[in-house]
Amino acid sequence: MGHATALLRPAKATKSPALKGDIRVPGDKSISHRALMLGGLAAGETRITGLLEGEDVINTGRAMQAMGAAIHKNGDAWIVNGVGNGCLLAPEAALDFGNAGTGCRLTMGLVGPYDFDTTFTGDASLSGRPMGRVLEPLRLMGVQVRAEAGDRLPVTLRGPRAPAPISYRVPMASAQVKSAVLLAGLNTPGITTVIEPVLTRDHTEKMLRGFGAALDVETGADGARIIRLEGRGQLGGQIIDVPGDPSSAGFPMVAALIVPGSDILIRNVAMNPTRTGLILTLQEMGADIEILDPRLAGGEDVADLRVRASELEGVTVPAERAPLMIDEYPVLAIAASFASGETLMQGLEELRVKESDRLAAVARGLEINGVDCTEGKDWLSVRGRPDGKGLGATSRDAVVATWLDHRIAMSFLVMGLASETPVQVDDCSIIATSFPDFMDLMAGLGAEITES
Ligand code: S3P
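Residues numbered from 1 in each chain as written. Predicted model: local features only at pLDDT ≥ 70, side-chain atom pairs only at ≥ 80, totals over all residues. Heavy atoms only, no water.

Caption draft 1: Region of the structure containing the sheet that holds strand 17 (residues 300-308). With respect to topology, four strands assemble into an open sheet ordered 2-15-17-16, the strand pairing being mixed. Since the sheet does not close on itself, it has two edges, and those belong to strand 2 (20-24) and strand 16 (288-297), each with one partner. Taken pair by pair, the neighbouring strands of this sheet meet at an average axis angle of 15°, ignoring direction. Seen against the sheet, helix 9 (residues 277-284) touches strand 16 and strand 17 and runs at an angle of roughly 155° to strand 16. (Pairing = 2+ DSSP bridges. Helix = DSSP H or I, 4+ residues; strand = E, 2+ residues; numbered from the N terminus. Axes fitted to C-alpha atoms, helices over the stretch in contact; angles between N-to-C directions. Contact = heavy atoms within 4.5 Å.)

Caption draft 2: Representation of the environment of Asp28. By the element assignment, Asp28 lies in the loop between strand 2 and helix 1 (29-41). In this structure Asp28 comes out as buried when scored by relative accessible area, which is 0%. Along the backbone, Asp28 and Arg306 are 278 residues apart, and their C-alpha atoms lie at a distance of 19 Å. Setting aside residues no more than four positions away along its own chain, Asp28 makes contact with Leu52, His203, Val242, Pro243, Gly244, Asp245, Pro246 and Arg275. A distance of 3.2 Å separates the side chain of Asp28 from the backbone nitrogen of Ser30, its partner in a polar contact. (Buried < 20%, exposed > 50% of the residue type's maximum accessible area, 1.4 Å probe, protein only. Polar contact = N/O pair within 3.5 Å; in protein donor to acceptor, adjacent residues only side chain to side chain.)

Caption draft 3: How the structure looks around the pattern of salt bridges. In total, this model carries 39 salt bridges according to the counting rule given. A salt bridge links Arg9 to Glu451, with the nearest nitrogen and oxygen atoms 3.0 Å apart. Here Glu451 lies in strand 24 (residues 448-451) and Arg9 lies in the segment before strand 1 (11-14), a separation of 442 residues in the sequence. The partly exposed category is assigned to Arg9, whose relative accessible area is 37%. The exposure class assigned to Glu451 is partly exposed, which follows from its relative accessible area of 45%. One salt bridge connects Arg383 with Glu342, and the closest N-O pair in it is separated by 2.6 Å. Residue Arg383 is located in strand 21 (residues 380-383), and its partner Glu342 is located in strand 19 (residues 342-345); the two are separated by 41 residues in the primary sequence. The exposure class of Arg383 is partly exposed, given its relative accessible area of 25%. You can call Glu342 partly exposed: its relative accessible area is 40%. Salt bridges sharing common partners tie together Arg129, Arg201, Asp327, Glu355, Arg358, Asp405 and Arg407. (Salt bridge = Lys/Arg side-chain N within 4 Å of Asp/Glu carboxyl O.)

Caption draft 4: The arrangement of unusual backbone geometry in detail. The linkage connecting Leu153 with the following residue, Pro154, adopts the cis geometry, with an omega of -5°. Following the sequence through the fold, Pro154 ends up in strand 9 (residues 152-158). Even without glycine at this site, Trp403 takes up a positive phi of about 55°. Structurally, Trp403 can be placed in the loop between strand 22 (399-400) and helix 12 (406-415). Assessed through its relative accessible area of 59%, Trp403 is described here as exposed.

Caption draft 5: Seen up close, the site of the ligand. Taken together, the neighbourhood of the ligand is formed by Lys29, Ser30, Arg34, Thr102, Ala173, Ser174, Ala175, Gln176, Arg201, Ile326, Asp327 and Lys354. The side chain of Lys354 places a nitrogen or oxygen atom 2.7 Å from an oxygen atom of the ligand. When the ligand is considered free in solution it has 390 Å² of accessible area, and contact with the protein chains removes 96% of it. Lining the shell around the ligand are residues from two domains, each supplying at least three of them: domain 1 (5-27 + 243-451) and domain 2 (29-241). (Near = heavy atom within 4 Å. Areas by Shrake-Rupley, 256 points an atom, 1.4 Å probe, with all protein chains shown as cover. Domains from an automatic or database assignment.)

Read these as layout, nothing more, since geometry by itself doesn't imply function.
This is the structure we're talking about:
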C-alpha cells in the first residue's frame, strides 16, 4: 500500500462555530496492531471488537494472513484464527507495512527469530525511518539481517536454528523496541529480559499476559523496569474489546478547547496511564477536561471525556513526560498556539524519527501560519495568541507540508478551526492510516474542513 505523491489530496480548515456533539474516536492503534499479531499467533480463536480499521492496522492483518493466520470480519467483530506459538509460516512475498512503524518493527520481532526469510517493505516515510534500533537486538539473538545501508527498509531477516535469549537494555524510550524484543522472545527458548529505564506504553506486556505468556515485571534498584518473558510457551485465543485511541482523541479535544463556545463528549477513550500525558498537560494549561465514568474494560482503563472551550496558558512540559505523550506533541503545539504566554516542550529527540521529522514539520507549519516559535535540537517553544489574531495562512501558497504524516495533517486542520484565516495542508489522504473517519467526525461536530 504505497502512498504515491500523485494522490496527494490538499485540504483546508476554516474558522468554525462552537463545536458540539457526542462522539467516539476509532480504536487504539497500538492495541489494534498487537491484537491482530497476538491473535494471529495464538492457538484458537481471538475475537476483536473496536479494532481500528485504518491502513496501518490493515497492513498488519495482511502480514499475519501471509504468515498463516485466518482473519475475517463477522458483523462488528474481527475473528482471528491463529497458528499457535512457534508456528508462523514463511510468507511467500515481501510484507508491505505501508506507513506503519509499529506494524513493521513489532512484526520484525515476532517473525525475526524464525528459520526462514522474511522481507519487510514500506512507503517512502517508513523507508526513511531507522530500523537499526530493532535490528540490533535481533542480531544479538542470532538473526541474520540483510538491509540497505543504514539499516533502512527493505530489510530481509532470517532466524538461526536456535535463537539465543538475551537481556537487553532499551537505549531509547521506545515501546516499539521493547515490544519487538519481547515478541522475539516468544519463539526463543529460555528467558528473554528487557530492561526499560524509562516507562513507555505497556500494552505489549499486558496483552502478552492476557494471551497466557509467562511474563513478569519487576522494578530494579535504579528504578528501571525489568521485564522477563519465558519463551516457547503456549498462547491461546482471547476476546479483546479495543478502547478508543487517546492519541486520536487529542484532535477533537484540542479543537474543542480552542474553538470558543465548544462543548463535546468523547466516549470510551483509553486512559492507560502510559498514554495520558496530553490530558495532564492540557489540564495544567487550564483546559476544562472532565474525566467521566472511569472504568476498566478488557484490562485497560477507559473513560468518557467532556471537553469545553478554555482559556489556555503556556506551561513547561518536562522531558520525563515525553514517552507518555510522544505522539501528541504536534497537536499540543496547536493548543499552545492559542495559549497566552510561552509553552516549552522538552525531551523531544524521538520526534525526529516519527512518520516525519515531527519537530521540523511542526515548526515549519507553525511559522507559515504566523505562530511565533523556536525549534531546538530536542525542544520546541511556542508563544501563543489566545484570540487567534494573525494566525493562519497569509497567502494561497502558505500550505503545510505533511510529509506522509497523518498527525501533522490532522493537527494543522485543527488549527484552522480557530485561526483568523484558514489553514491549508498539502494532503489529507494520509489521515486514513490512523483515523479514516476524521473528516466526517469533525464535520459532525461543526468543524469546517474541506478538501481543496
Ligand atoms: C507505539 C510506540 C511509539 C509511538 C507509536 C506507537 C507502539 O513509537 O510513537 O505511534 O504502539 O508501540 P516508539 O516506540 O518509536 O516511541
